[in-house]
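# Observations on the three-dimensional arrangement
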Amino acid sequence: MTALAVTGATLARVLRDRTALFFMVLLPVAIIVVIGVTVSGFDQFRIGLVPAAQAGPVARELTSDLQEAPGLRTRTYDTPDDARTALRRAELDAVVMVPNGLDADVRAGRSVSVPVLVEPSGSAGHGAVSSVSAVVAEHAARLQAARFASDETGGPFDDTLALARTAERTASPIVVRSETVNGQSDFLPLGYSYSTPTMLVLFVFINALAGGAAIVQTRRTGVYARALAAPVAARTLVFGETIAYLLLAVLQSLLIVGIGALAFDVAWGDPLAAGALVTVWALVGTGAGVLAGALFRTPEQVHAIGPALGIGLGMLGGCMWPLALVPDWLRSAGHAVPHAWAVDAWTTLLSRDGDLAAILRDLGVLAAFATALLTLASLSLRHRLTTSAGA
Amino acid sequence: MRVVLAIAAKDLRQRLRDRSAWVIVFLAPVLISALMALAFNNNDEFRANLGVVDLDRGPAAAGLTRVLKSPELEGTVHVRSYDSEVAARRAVDAGDVHAAIVVPKGFTESLHGGGAEPVRVLDSVDYGLQAQLAEAVTESYVAQVNADRLSVATAVAAGAQETDVPELAAKAALLRLPEDVRAQGLPDDPLKVISYFGPSMGMFFVLFTVGFGARGYFIEQQQGTLDRIAAAPVGRGALLIGKSVSTFVYSLAGLATVTVVSWLAFDASWADPVGVAALSVAMAVCVVCLTALVIALVRTEQQAQGLASILVFALVLLGGNFVFASGTTPAIRTLALFTPNGWALRGFTDLGTGVRGWEAVGAPLLGIAAFSLVVVAVTALLLRVRRTP
Amino acid sequence: MKNVLECSHLVRRFGERTAVDDVSLSIAPGETYGLLGPNGAGKTTTIRMVCGLLRPDAGTVHVAGLPVNTAAGPAKQLIGFVPQDVALYPDLSVRENLRFFGRLYRLPRRRLERRVDEVLHLIDLGGRARDRVDSLSGGMRRRLNIGAGLVHSPTLLVLDEPTVGVDPQSRHAILESVTRFGEEGMAVLYTTHYMEEAERLCDRVGIIDRGGLVAEGTPRELVALVAERDRVRLTAVGGLTAYADACRRLARVEGAARSGDKGDVVELVVKDARSLLPDLLDLAHALDVGIRSVEIDEPDLEAVFLHLTGTALRE
């Protein structure tokens, strides 16, 4: 019962603090939006398009073919310089410059080269060129057919071009068909389904660490000392605090899960498994928070070092980018922090329709982390409370 | 002047004595940039490991493999051959290759007319871009064949005799597609991850010190030392400048540490060291202005801490310190230009891609200056409204 | 010789409340002036105006003939200010603190170092010069707090309740050093609500109550104000507040207040205690107050205060 009084007091203090609420809900949601918007469309090449200054129908057709190509995300630029700058800044993978004399050259039977600017080293440039090539080739096929028909039958080019378009619809070309073999993704889905679970992992942890600052504060104001002067065991105090921060972590998780599901359409997968994962992760965060509360000397230290530590661990553990992208040794090193296991488990739930059994191993590791952290935290907090003079 | 220096030196001494300040301004950004540099050591390069299954065993299929191994795609595409489709599927499934192209039996024959079985690309959900590339290369390769077939069909539709088809087909086979794509490399340097995220993390943590500075002011007010300074023959101006100088020096030291470490240890590159310095100085000035704003806005240490955190996170989120600005949507890139750090990062992006001098940092410097001026104006207004002594 | 401090007609209002109302006082060189009054009487507000921390709504302050205002005038160079709280940087060392506050007064480097050593010796912290302030005991911090106001050798030292919450030993040391400053020719403005400190230290005392200066003079002069009067201390049980109120309404009672550590004392300033005593006892009986003891004293500053304000200093 006494423990519950401690829990109640702590919850009331935190929930009354508007800054804490900002960090608990508003900031994570804002970051989820920014990252969610950023990591969508990774399966398309980003193409800048500079249309011809005087575009005839052929040039216009090429432009619209490029704009409608499913593998390309195009953005039109007014001047070549703007497009070039965007490419240099890596805002684009390639820039297609539709040549000015395209119509005239094609009608005159000349071959045309469409210049595509790319970043010569690195990046997705060459892949983008190939994708543009495929669209241009399809366009060129129609031109070749129209010119051939025009040469053979003496009909005007524009008529045969129209015929070529019709013929294309009925033709049976050699098709390239893709088939997805590996549906078992190593990554979270793109967009909000990527950013929401990773930020859930990141922020529940960071927020729990920040909670440690409140524990340090209470320690220093002597409230604990006063409580211990009452017939309350140190064990009870520690337990009460732990429950409070656990509840806060669960509350924060539920808010993020709820907002993710309602506002961002995140499918959280098997509810039982997701629930277990949220709970275990809240325990890990609470353990880390109480430990911080026991180890640090001043609340300022926690405020300063907490976020840096949280972000660093989050990066190591794959909250900021998928661990499947990084070198092997770094991926292994990343699994030394609990975040990696949590993100792995979310990936299983969201991308592979996993159930509780599928994430049992991850849950086991996380539970071990939680147990270790909580034990260490309660031992050291109790030690602080019962031995040091000024707590 | 001596008084200003005395105040600045005292503030700096206090900050340097605070170990968490060291962590925040010097250690954390360096460690996090290092982590990013390590994580994206080679991964800024796009690579596609493609499997090829040649069931055709004719010259056409060999031609496709040759395209994949052509000089333009060298360095991007790595080809591995598989004997059977089953083996290729297994390889894609295991992640050994990102995608595999299966050239069907009878592919070579289909080029000369007749039934065409589709060429299939086996892909994996995680490597959409690589699948896209495999598909595109294959499509480009079959494009000529398809174009020739289309030419014959169009000629027939335009009135050529059906009986002439074999002759037409022979003629069409000599045609070349009238449009092709010519890739041109840009002359500038590609942007390295560390050239962006080094300064980005530096700015993030230096902005964090706005909270420190503002809190420090209220702590001084509380412990009475501010009164003591006011009782000395020290003008408010000298006090303000002294405190600003220390914040400035501290912020600049933080930014300088990250940029120098990124440069020396992690190979970040910027075209123009003077530009880097100018951006860092501008950001440090801006941190001073923001600190003053927070002090003018709030009344207590706790409020200072809270407001500073919210302000900093809002700026950092909008400005693109957490996500690569160039990778986001144009809307977010536009929003970033309402923040000083967003401007600075644009400057670092340009410097990191070989642009020098005013062209790279001119607009960013003006942007940061405009932001700082607005902050100063608001601060001055607030101080005028609530002047106390 | 010219006065070191000259305040004339100082007024300061905070909203509706007038914290300081037309206070004028002056301090001669080498003089120690005590500003005596209960909490909230306006002592700190007066001091803040003297030191140029607060702008008066009316009136002027001059130090050695130079006007003091909130800007950084040359007058501030002459004032040493010792705030009520320990206003030091806990994370800097003793020497660093002294040096910093000395530099604010633009002391040349060599003179600064010499003065810091002198002050360290004076406040007896020479052995702890390199230690951080937060490692010092409360008494040491108090001494350093005063020392930080002395580095630039001020002409006028202003101490705002320097002995509040100080252990008896440190308090003794502080009082000793203040006496010494006076002897060395420094003018001292000293606020306190401890009567005995004012009596012991000060050449002149001003009594301030509810923002106004109600009396001023040497302790002896002030006591003379109540020379014909006696101070009566009744230790009693019962409704003492009502009793004190009732006493105050008696003729010849000039002040009555409840005081004492346990609140079990009623203090009175009366004319001719001997003849009044039966009345007081009757009144006690009527109000069902049980008198345990009665003391009749010669008047002191405490009595002066009671006489002038009608209330006790530490109510």
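An unreviewed UniProt entry annotates chain C as ABC transporter ATP-binding protein originating from Streptomyces cyaneochromogenes.

The name given to chain B in an unreviewed UniProt entry is ABC transporter permease, with Streptomyces cyaneochromogenes as the source organism. Word for word, the UniProt comment on chain B under Subcellular location (unreviewed entry) is "Cell membrane".

### What to know about the overall build of chain C
When helices and strands are tallied, chain C shows 10 helices and 14 strands. With respect to the principal axes defined by its C-alpha atoms, chain C has extents near 75 × 40 × 35 Å. Counting every position in chain C, which comprises 315 residues, the buried fraction comes to 46%. Relative to all contacts within chain C whose residues are 6 or more apart in sequence, the contacts with residues 24 or more apart total 70%.

### Regarding the overall build of chain B
Along chain B, the regular secondary structure elements total 15 helices and five strands. Dimensions of chain B, computed from the C-alpha atoms along their principal axes, are close to 110 × 45 × 35 Å. By residue count, 54% of the 389 residues in chain B fall in the buried class.

### Comments concerning the sheet that holds strand β5 (residues 66–67) of chain C
For sheets, the rule is that strands pair by backbone hydrogen bonds, running either parallel or antiparallel. Residues and elements named next belong to chain C. Spatially, the four strands line up as an open sheet ordered β2-β1-β4-β5, and their pairing is antiparallel. Of all strands in the sheet, those bounded by a partner on one side alone are β2 (17–27) and β5. Where strand β4 (residues 58–63) and β5 come together, two bridges link them in antiparallel fashion. Bridge pairing in β5 links V63 to L66. Sitting on the sheet, helix α1 (residues 43–50) touches β1 (5–14), β2 and β4, and the angle it makes with β1 is about 120°.

### Section: the interface of chain B and chain C
On the side of chain C, 27 residues touch chain B, which itself brings 20 residues to the contact. Listing elements by their share of the side of chain B that touches chain C, those giving two or more residues are α1 (2–17) and α9 (225–231) of chain B. In terms of residue count, α1(B) provides more of the side of chain B that touches chain C than any other element does, seven residues in total. Grouping the amino acids of the side of chain B that touches chain C by side-chain chemistry returns nine nonpolar, five polar and six charged.

### Points about the UniProt feature "transmembrane region" (unreviewed entry) in chain B
Residue and element names in this part refer to chain B. UniProt tags residues 21–40, 196–218, 248–266, 278–298, 310–332 and 361–383 as "transmembrane region" (unreviewed entry). In the segment residues 196–218, helix accounts for 100% and strand for 0%; the C-alpha atoms at its two ends are 35 Å apart. Its end C-alpha atoms 19 Å apart, residues 310–332 is made of 57% helix and 0% strand.

### A few points about the packing of helix α2 (residues 19–39) of chain B against helix α8 (residues 193–223) of chain B
Residues and elements named next belong to chain B. At their nearest, the axes of α2 and α8 sit 9 Å apart, and the two run at 160° to each other. Regarding the angle of α2 to α8, the classification is roughly antiparallel. Considering how the two elements wind past one another, α2 and α8 form a crossing that is right-handed. For the pair α2 and α8, contact is made by A21, I24, V25, A28, P29, I32, S33, M36 and A37 and by V193, I194, F197, G198, M201, G202, F205, V206, F208, T209 and F212, respectively. When grouped by side-chain class, the residues that make up the contact of α2 with α8 number 16 nonpolar, four polar and no charged.

### Quick word on the interface of chain A and chain B
Taken together, the contact between chain A and chain B spans 95 residues of the former and 91 residues of the latter. Element by element, the count of residues in the side of chain A that touches chain B is highest for helix α6 (residues 125–153) of chain A, at 24 residues. Class assignment of the residues belonging to the side of chain A that touches chain B gives a composition of 52 nonpolar, 28 polar and 15 charged. Note that strand β4 (residues 112–118) of chain A and strand β5 (residues 179–185) of chain B share seven bridges and pair parallel. What sits directly across from L117(A), in β5(B), is Q184(B).

### Thoughts on the domain arrangement of chain C
All names here are of chain C. Considered domain by domain, chain C is made up of domain 1 (5–220) and domain 2 (226–309). If you average the C-alpha positions of domain 1 and of domain 2, the two centres end up 35 Å apart. Elements with a minimum of two residues in the side of domain 1 that touches domain 2: α6 (195–201), β9 (204–209) and β10 (212–217).

### Side note on the nonpolar core
L277(A), W281(A), L207(B) and M283(B) are the most contacted members of the largest nonpolar core, which totals 157 residues. Among the elements that take part in this core, helix α8 (residues 192–221) of chain A stands out by supplying 17 residues, more than any other.

### Side note on the sheet that holds strand β7 (residues 156–160) of chain C
Residue and element names in this part refer to chain C. Across the sheet, which stays open at both edges, the six strands sit in the order β6-β7-β8-β3-β9-β10 with mixed pairing between neighbours. Two strands lie at the open edges of the sheet, namely β6 (79–82) and β10, each paired on one side alone. The mean inter-strand angle of the sheet, taken between neighbouring strand axes irrespective of direction, is 15°. Here helix α10 (residues 301–309) sits on the sheet and contacts β9 and β10; the angle it forms with β9, its principal contact strand, is near 35°.

### Thoughts on helix α7 (residues 157–170) of chain A
Over its 14 residues, α7(A) extends 20 Å from the first C-alpha to the last, a length consistent with the 20 Å expected when each residue adds 1.5 Å. Of the residues making up α7(A), those classed as buried are T160(A), L161(A), L163(A), A164(A) and A167(A). Buried residues of α7(A), viewed axially, fall in a sector of 160°; they line one side. Exposed residues pointing more than 90 degrees away from the buried face of α7(A) are listed as T166(A) and R169(A). Along its buried surface, α7(A) packs onto α6 of chain A together with α6 (128–157) of chain B.

### Observations concerning the pairing of β6(C)
Residue and element names in this part refer to chain C. Of the two faces of β6, the one holding I79 and F81 and the one holding G80 and V82 are both buried throughout. The pairing of β6 with β7 spans four bridges and is classified as parallel. Within β7, the position partnered with F81 by the bridge is V158.

### Considering the domain arrangement of chain B
Once the domains are mapped, chain B shows domain 1 (2–41 + 190–385) and domain 2 (48–172). Using only C-alpha atoms to locate each centre, domain 1 of chain B and domain 2 of chain B end up separated by 54 Å.

### Things to note about helix α11 (residues 273–297) of chain B
Taking 1.5 Å as the rise per residue, α11(B) with 25 residues should run 36 Å; its terminal C-alpha atoms sit 36 Å apart, in good agreement. Among the 25 residues of α11(B), 19 are classified as buried, and the element is accordingly described as predominantly covered.

### Some details on unusual backbone geometry
Residues and elements named next belong to chain C. Positive phi outside glycine occurs at A64, with the angle close to 50°. Take A64: it is sitting in the loop between β4 and β5. One non-glycine residue, D124, lies in the positive phi region at around 60°. If you trace the backbone, D124 turns up in the loop between α3 (109–122) and α4 (138–147).

### Topic: the confidence of the model for chain B
Low pLDDT marks stretches whose predicted atomic positions should not be read closely. On average, residues of chain B carry a pLDDT of 84, and 96% of them reach 70 or more. For chain B, per-element mean pLDDT is lowest for helix α5 (residues 107–111) of chain B, which scores 72, and highest for α11(B), which scores 92.

### What about the pairing of strand β11 (residues 229–237) of chain C?
Residue and element names in this part refer to chain C. In this sheet, strand β13 (residues 265–271) lies alongside β11 in antiparallel orientation, the contact comprising seven bridges. Residue pairing in the sheet places V232 in a bridge with L268 of β13. Across seven bridges, the pairing between β11 and strand β14 (residues 290–297) is antiparallel. Residue pairing in the sheet places R233 in a bridge with E295 of β14.

### Structural notes on the packing of α6(A) against α7(A)
Residues and elements named next belong to chain A. Two elements in contact, α6 and α7, have axes separated by 8 Å at closest approach and are oriented at 125°. Taken together, the axes of α6 and α7 are oblique relative to one another. Seen along the crossing, α6 lies across α7 with a hand that is right-handed. Contact residues: R142, A145, A146, R147, A149 and S150 in α6; F157, T160, L161, L163, A164, R165, A167 and E168 in α7. Residues of the contact of α6 with α7, tallied by class, amount to eight nonpolar, two polar and four charged.

Rules behind the numbers
- All residue numbers refer to position in the chain's written sequence, counted from 1.
- Both sets of labels track the order of writing: A upward for chains, 1 upward for ligands.
- For this predicted model, a pLDDT threshold of at least 70 governs which residues receive local features, and a threshold of 80 or more governs which side-chain atom pairs are given and counted, while totals over whole chains, interfaces and linings are taken from all residues.
- UniProt positions are given in the numbering used here, feature names are shortened, and annotations may be inferred rather than shown by experiment.
- Numbering of helices and strands runs from the N terminus, with a helix taken as a DSSP run of H or I at least four residues long and a strand as a DSSP run of E at least two residues long.
- Three exposure classes are used, based on other C-beta atoms lying within 10 Å of a residue's own C-beta, which is placed from the backbone: buried for 20 or more, exposed for 12 or fewer, and partly exposed in between.
- The contact rule is simple: place each C-beta atom from the backbone, and if two of them lie within 7 Å, those residues are in contact.
- When DSSP locates at least two bridges between a pair of strands, those strands are taken to pair.
- Axes here refer to lines fitted to C-alpha atoms; in helices the fit is confined to the stretch in contact. Angles between the N-to-C directions go from 0 to 180 degrees.
- Each residue is assigned to one of three groups, with Ala, Val, Leu, Ile, Met, Phe, Trp, Tyr, Cys and Pro labelled nonpolar, Asp, Glu, Lys and Arg labelled charged, and all others, Gly among them, labelled polar.
- Working definition: roughly parallel below 35 degrees, roughly antiparallel above 145 degrees, roughly perpendicular at 65 to 115 degrees, and oblique for all remaining angles.
- Handedness of a crossing follows from how the near helix is turned relative to the far one, being left-handed for an anticlockwise turn of less than a right angle and right-handed for a clockwise one.
- Just so you know, the domain bounds were taken from an automatic or database domain assignment.
- Note on terminology: a nonpolar core is a set of buried residues of type Ala, Val, Leu, Ile, Met, Phe, Trp, Tyr or Cys, with members joined through C-beta atoms within 7 Å.
- What a helix should span is 1.5 Å times the count of its residues minus one.
- Think of it as the arc spanned by the lines of direction from the helix axis to the C-beta atoms.
- The predictor reports its confidence for every residue as pLDDT, a score running from 0 up to 100.

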